Amino acid sequence: MKRIPVATHGIYRERGDSVPVRRTCRDRLQGWPVPHSLERIDTSLGATTVLTAGISAGRPPVVMLPGAGLNAAMSLATVCTLRTKHRILIPDLPGEPGLSSSRRPHHHLPEAYGSWLDELLPQLCAEPVVVLGHSSLPPLQKDTE
């Protein structure tokens, strides 16, 4: 059976390019006054760092998936909005800037990230969760012609 690599080269062109991004994320999280924790979980796409903040308050936890180019450290305002009523868990997606592995899935991104999420969720919590996707893409513009 031929083995196909799960992930390819990282998102950074040079090895050292990840250092400023990771430093910025760590500095932002260290300076954030809201009680939180960071956990690293091993997955088939590499190490995944998960930010956890907020309280349960009898409601299901929210797993927030940052969109392309985003990460937990850039999502703190959203966490502040949700954390008083939910426990929020934000994994930095492997292959995106942040504190998780910088290696991208080799191909079939939706399937690869779907399998990664299936693998990650049971490690985050045993109870049902609400999954929230967040993207930084601008809204579609209507044609004015």
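### Comments concerning the overall build of the chain
Helix and strand counts for the chain stand at three helices and seven strands. Across the chain, helices and strands are ordered from the amino to the carboxyl terminus as β-α-β-β-β-α-β-β-α-β. A total of 145 residues make up the chain; the buried ones form 39% of that total. Summarising the internal contacts of the chain: among those between residues at least 6 apart in sequence, 75% fall at separations of at least 24.

### Regarding the environment of L132
Here L132 shows up in strand 7 (residues 130-134). Sequence separation of L132 and M64 is 68 residues, and the distance between their C-alpha atoms is 4.6 Å. When neighbours within four sequence positions are excluded, L132 is seen to be in contact with V62, V63, M64, L65 and L82.

### Side note on the pattern of salt bridges
Summed over all chains, the structure comprises one salt bridge. Among the salt bridges present, the one from R87 reaches E127, with a minimum N-O distance of 3.6 Å. Pair noted here: R87 is in strand 5 (residues 87-91) and E127 is in the loop between helix 3 (109-124) and strand 7, with a separation of 40 residues, a long-range link.

### Describing the packing of aromatic side chains
According to the stated counting rule, one finds one aromatic pair in the structure shown. Pairing Y113 with W116 gives two aromatic rings, centres 6.2 Å apart and planes at 85°, and the pair type is edge-to-face. Taken together, the residues span about one helical turn, with Y113 and W116 both in helix 3 at a distance of three residues. A single burial state applies to Y113 and to W116, both of which are buried.

### A word on the pairing of strand 5
In terms of residue burial, strand 5 counts as a mostly covered element, since five of its five residues are buried. The sheet contact formed by strand 3 (residues 46-54) and strand 5 spans five bridges and is antiparallel. Paired with V50 across the bridge in strand 5 is P91. Both strand 4 (residues 62-66) and strand 5 contribute to a ladder of two bridges, which runs parallel. Across the sheet, the residue bridging to V63 is L89, located in strand 5. This β-α-β element, strand 4 to helix 2 (residues 76-82) to strand 5, shows right-handed connectivity.

### Comments concerning the confidence of the model for the chain
Confidence along the chain averages 82 in pLDDT terms, with 79% of residues attaining 70 or more. Element-level pLDDT for the chain is lowest in strand 1 (residues 7-10), with a mean of 48, against a maximum mean of 95 in strand 5.

### Some points on the nonpolar core
Ranked by internal contacts, the top residues of the largest apolar core, which has 15 residues, are L29, W32, L51, L76, V79, I88 and I90. The set of elements that each furnish at least two residues to this core consists of helix 1 (18-30), strand 3, strand 4, helix 2 and strand 5. Residues in contact with I90, not counting those within four places in the same chain, are T49, V50, L51, M64, P66, A72, S75 and V79. With twelve residues, the next largest nonpolar core counts V50, L89, Y113 and L124 among its residues.

Cut-offs applied
- Residues numbered from 1 in each chain as written.
- Predicted model: local features only at pLDDT ≥ 70, side-chain atom pairs only at ≥ 80, totals over all residues.
- Heavy atoms only, no water.
- Helix = DSSP H or I, 4+ residues; strand = E, 2+ residues; numbered from the N terminus.
- Buried < 20%, exposed > 50% of the residue type's maximum accessible area, 1.4 Å probe, protein only.
- Contact = heavy atoms within 4.5 Å.
- Salt bridge = Lys/Arg side-chain N within 4 Å of Asp/Glu carboxyl O.
- Phe/Tyr/Trp six-rings, centres within 6.5 Å; stacked < 30°, edge-to-face > 60°.
- Pairing = 2+ DSSP bridges.
- Right-handed = clockwise from strand over helix to strand, strands pointing away.
- pLDDT = per-residue confidence, 0-100.
- Core = buried A, V, L, I, M, F, W, Y, C linked by side-chain atoms within 4.5 Å.

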